[in-house]
Amino acid sequence: MNDSITNNIAVSVKNVSKNYGETEALKDMSLDFPKGQLTSLLGPSGCGKTTLLKIIAGLLPATSGEVIVNGVKVTTPGPDRAFVFQDFALMPWASVIRNVAFGLELRGVNKTERESIAHKYIGDVGLKGFEHSYPHELSGGMRQRVGLARALAVNADVLLMDEPFSAVDEQTRRKFQEDLLNLVKVEKKTFIFVTHSIEEAVYVSDQIAILLPRPSRVSEIIKPSGFKHKDADSIRKDSEYLDIVDRIWKSLRTYVQ
Amino acid sequence: MNHRPLYLKILSASLLFGAWEISGRIPVSFAFPTFVESMSALFVIIKDGSIFVAYMDTLQPLFLGIFISAILGIGIGLWVGLSEKFNWLVSPIFIVMQAAPLAALIPLLIMVYGVDLTSKVFVVCIMAMPVIVLNTGNAVRNTPFSIKEMGQAFLGSKKDIIFKIILPSSSPIIFAGLRLGVSAGFIGAILAELKITPTGIGDIISYSRSVGDYPTMYAAIFSIILLAVFFLNFLERIENYLFKGNNKGYISD
């Protein structure tokens with residue numbers, strides 16, 4: 001592989017397999033994630049999306065194969081990656097600001113500095129004024145904003161998002177998707193986004209990897225491009241957007257019981 | 001912190017004490033004095049200072065035992081929760097300890113440790129520790145997986161994950177165990193004074209029973225219950241101070 005290609009790839013998954021005992025969760029999977037773009041992992045449940053994401057995060061060991069992040073092979077969590085959890089994974093005993101600053105706290109950043117960084121990101125995700133609230137006082141959508149701010153605060157190159165919007169209501173979810181599009185533009189980070197919603201994947205992604213189960217594999221990579229410059233509302237009416245949604249559904253429907 | 005309205009507290013206290021007064025007047029038993037009689041007896045032993053002298057004796061094994069049980073109990077419980085092997089090794093001891101008829105075992109303790117402070121501290125510990133260990137162990141084992149995973153993902157060390165995630169996450173159940181353990185410890189302290197050597201509050205109870213001075217006996221029992229209630233309240237305040245966000249309304253004033 002020549003340098004120009006390597007430089008554009010933030011995360012590269014090479015021949016990764018993962019077995020749970022007899023069960024093959026992932027088999028010989030290879031996939032590249034371009035720098036500065038949002039790639040969705042889309043597929044029916046049981047196709048190993050979350051498993052792949054956790055292997056990239058270094059939270060699960062791969063049975064074989066390797067994950068390269070910015071040219072370096074990784075096997076454990078590292079400062080180059082941050083994770084947004086499906087169930088938010090907030091600490092209920094800690095205030096919003098401590099939750100957001102927690103990644104920095106674990107890295108040994110002093111209190112004044114980490115709180116000023118946390119402060120900025122709490123504002124960025126729209127939670128200004130809630131710094132000293134506790135998670136149980138927030139709505140589901142607000143909790144996930146805390147989770148997102150925590151991941152942004154550690155300033156990792158790669159953001160791993162495990163169905164981040166699946167536990168929030170539909171309206172909040174739409175707002176989140178719009179915010180995410182802006183975030184990708186502003187933050188210049190690489191996003192890897194697991195979802196089971198076809199519309200969501202097509203709406204937010206630069207690249208969609210469709211994963212199929214039994215055996216788990218990447219069946220297709222789709223790169224929506226025609227509607228990326230449009231504003232949030234017109235995308236959902238765009239004919240290319242609708243076509244892609246339709247096409248993906250046709251290829252997935254046989255796998256849905 | 002949630003505050004119950006004052007009138008509710010007064011109402012609940014007067015219902016309890018009213019029922020006490022009425023059943024003392026019926027009387028339920030000649031050995032059951034009225035509330036007023038007991039309170040005047042309490043006033044007498046407060047005035048002549050004998051209750052304070054008694055507490056000097058009682059508090060020593062009580063607080064020593066509770067302190068040892070809390071520190072050791074949480075430590076062992078943490079280990080039990082983290083290590084399956086240690087759990088297998090140690091949990092049965094505490095389950096047996098919890099179920100054992102302690103009063104019957106006291107002669108054995110006296111034979112080994114004599115009639116001094118040591119035996120009494122042991123009785124308090126045997127009463128208080130099992131519930132603290134078992135609760136802590138359970139709470140630690142049941143720490144939500146995703147918060148531990150979050151700690152790993154954000155580069156927490158093993159020590160960080162134990163002290164910044166597992167312990168605070170377990171704190172509501174650890175404190176529930178502490179409250180139960182402390183209550184049991186109070187019972188243990190009095191039991192020790194009744195069964196080992198009559199000192200302190202246990203002495204007041206057994207002496208006044210032997211001479212038929214039931215109001216004084218109930219006054220002593222009442223005072224120890226009051227002390228236990230204050231101590232439990234103090235424990236809740238510590239919990240609320242340390243882990244404010246965990247307070248979802250079950251901690252009260």
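Reading guide: rules and limits
- Residues numbered from 1 in each chain as written.
- Chains lettered and ligands numbered in written order.
- Predicted model: local features only at pLDDT ≥ 70, side-chain atom pairs only at ≥ 80, totals over all residues.
- Heavy atoms only, no water.
- Helix = DSSP H or I, 4+ residues; strand = E, 2+ residues; numbered from the N terminus.
- Rg over C-alpha atoms; globule rule 2.2 N^0.38 Å.
- Buried < 20%, exposed > 50% of the residue type's maximum accessible area, 1.4 Å probe, protein only.
- Contact = heavy atoms within 4.5 Å.
- Areas by Shrake-Rupley, 256 points an atom, 1.4 Å probe, with all protein chains shown as cover.
- Lys, Arg positive; Asp, Glu negative; His and termini not counted.
- Charge placed at Lys NZ, Arg CZ, Asp CG, Glu CD.
- Axes fitted to C-alpha atoms, helices over the stretch in contact; angles between N-to-C directions.
- Parallel < 35°, antiparallel > 145°, perpendicular 65-115°, else oblique.
- Left-handed = near helix turned anticlockwise from the far one by under 90°.
- Nonpolar A, V, L, I, M, F, W, Y, C, P; charged D, E, K, R; others polar.
- Pairing = 2+ DSSP bridges.
- Domains from an automatic or database assignment.
- Buried area = accessible area lost by both parts, 1.4 Å probe.
- Salt bridge = Lys/Arg side-chain N within 4 Å of Asp/Glu carboxyl O.
- Polar contact = N/O pair within 3.5 Å; in protein donor to acceptor, adjacent residues only side chain to side chain.
- Expected span 1.5 Å × (residues − 1).
- Patch = residues over 30% accessible without salt bridge, like charges linked within 9 Å, V, L, I, M, F, W, Y side chains within 5 Å.

This paragraph deals with the overall build of chain A. A tally of helices and strands in chain A yields 9 helices and 10 strands. Taken over the C-alpha trace, chain A has a radius of gyration of 18 Å; the compact-globule value for 257 residues is 18 Å, and the two agree within 12%. Structurally, chain A occupies a C-alpha span of about 50 × 40 × 40 Å along its principal axes. Residues classed as buried in chain A amount to 55% of the 257 residues present. Sequence-distant contacts in chain A: of pairs separated by 6 or more residues, those separated by 24 or more amount to 67%. For chain A, the accessible surface area stands at approximately 11,400 Å², while carbon and sulfur atoms represent 49% of it. Considering chain A, the positive charge centre built from 33 side chains and the negative charge centre built from 32 side chains are found 1 Å apart.

The subject of this paragraph is the packing of helix 6 (residues 117–141) of chain B against helix 8 (residues 158–195) of chain B. Residues and elements named next belong to chain B. Interaxial distance between helix 6 and helix 8 falls to 7 Å at its minimum, and their mutual angle equals 160 degrees. When the axis of helix 6 is compared with that of helix 8, the two are roughly antiparallel. Considering the relative orientation of helix 6 and helix 8, their crossing is right-handed. For the contact of helix 6 with helix 8, the class distribution of residues is 17 nonpolar, 7 polar and 2 charged.

A few words now on the sheet that holds strand 4 (residues 64–69) of chain A. Residue and element names in this part refer to chain A. Pairing is antiparallel across the open sheet formed by 4 strands, whose spatial order is 2-1-4-5. With partners counted over all chains shown, the strands left at the sheet margins are strand 2 (23–34) and strand 5 (72–74), one partner each. If you compare each strand with its neighbour and ignore which way they point, the axes differ by 25 degrees on average.

Before going further, it helps to spend a moment on the domain arrangement of chain A. Residues and elements named next belong to chain A. For chain A, the domain assignment lists domain 1 (2–80 + 158–255) and domain 2 (88–155). Using C-alpha coordinates to define each centre, domain 1 is positioned 25 Å away from domain 2. Between domain 1 and domain 2 lies a buried interface of about 980 Å² when both sides are counted; carbon and sulfur atoms form 65% of it. Summed over the shared surface of domain 1 and domain 2, the result is 1 salt bridge. The partner of Arg 145 in a salt bridge is Asp 179, and the shortest N-O contact between them spans 3.4 Å. On inspection of domain 1 and its partner domain 2, the count reaches 3 residue pairs in polar contact (both at pLDDT 80 or more). Put simply, the parts of the chain that give the side of domain 1 that touches domain 2 at least two residues each are strand 7 (158–162) and helix 6 (170–187). Residues that form the side of domain 1 that touches domain 2 fall into these classes: 8 nonpolar, 1 polar and 4 charged.

Attention shifts here to the pairing of strand 2 of chain A. Where strand 1 (residues 9–20) of chain A lies against strand 2 of chain A, 8 bridges are found, and the strand directions are antiparallel. Within strand 2 of chain A, the position partnered with A:Tyr20 by the bridge is A:Thr23.

Looking now at the sheet that holds strand 10 (residues 217–222) of chain A. Residue and element names in this part refer to chain A. Within the open sheet, the 6 strands sit side by side as 6-7-8-3-9-10. Their pairing is mixed. The open sheet has two edge strands, strand 6 (81–84) and strand 10, and neither has a second partner. Pairs of neighbouring strands in the sheet enclose a mean axial angle of 20 degrees, with direction left out of account. Here strand 6 pairs with strand 7 via 4 bridges, running parallel. When the sheet's bridge partners are listed, Val 84 is paired in strand 7 with Met 161.

Attention shifts here to the interface of chain A and chain B. Listed per partner, the contact involves 26 residues of chain A and 21 residues of chain B. Overall, the association of chain A and chain B removes approximately 2,000 Å² of surface from exposure, summing both partners, and the carbon and sulfur fraction of that is 68%. Area buried by chain A at its contact with chain B is led by A:Leu59, A:Trp93 and A:Leu106, which between them contribute 34% of it. Between chain A and chain B we count 2 salt bridges in total. Residue B:Lys164 is joined to A:Glu105 by a salt bridge in which the shortest nitrogen-to-oxygen separation is 3.0 Å. Seen at the junction of chain A and chain B, the total is 3 residue pairs in polar contact (both at pLDDT 80 or more). At the level of secondary structure, the elements contributing two or more residues to the side of chain A that touches chain B comprise strand 6, helix 3 (96–106) and helix 5 (140–153) of chain A. In terms of residue count, the dominant contributor to the side of chain A that touches chain B is helix 3 of chain A (5 residues).

When the terminal C-alpha atoms of helix 5 of chain A are compared, their 20 Å separation across 14 residues agrees well with the 20 Å that a helix rising 1.5 Å per residue should span. Extensive coverage of helix 5 of chain A is indicated by the burial of 12 of its 14 residues. Burial in helix 5 of chain A covers these residues: A:Gly141, A:Met142, A:Gln144, A:Arg145, A:Val146, A:Gly147, A:Leu148, A:Ala149, A:Arg150, A:Ala151, A:Leu152 and A:Ala153. Looking at the buried side of helix 5 of chain A, the elements it contacts are strand 6, helix 3, helix 4 (111–124), strand 7 and helix 6 of chain A together with helix 7 (145–153) of chain B. After helix 5 of chain A finishes, the residue A:Asn155 shows a positive phi value of roughly 50 degrees.

Residues and elements named next belong to chain A. By the criterion of burial, helix 2 (residues 49–57) is predominantly enclosed, with 8 of the 9 residues buried. For helix 2, the complete set of buried residues consists of Lys 49, Thr 51, Leu 52, Leu 53, Lys 54, Ile 55, Ile 56 and Ala 57. Positive backbone phi, approximately 85 degrees, marks Gly 58, located one or two places after helix 2.

Before going further, it helps to examine a nonpolar patch on the surface. All names here are of chain B. A cluster of nonpolar side chains, contributed by Leu 64, Phe 67, Ile 68, Ile 71, Leu 72 and Leu 117, occupies part of the molecular surface with about 540 Å² of accessible area. With 5 residues, the top contributor of residues to the nonpolar patch is helix 3 (residues 50–82). Position of Phe 67 relative to the elements: it lies in helix 3.

To continue, consider the pattern of salt bridges. All names here are of chain A. Per the stated rule, a full pass over the model turns up 16 salt bridges over all chains. Between Lys 175 and Asp 179 there is a salt bridge; the shortest N-O distance is 3.0 Å. Note that Lys 175 and Asp 179 are positioned in helix 6 at a spacing of 4 residues, about one turn of the helix. Residue Asp 179 is classed as partly exposed on the basis of its relative accessible area of 23%.

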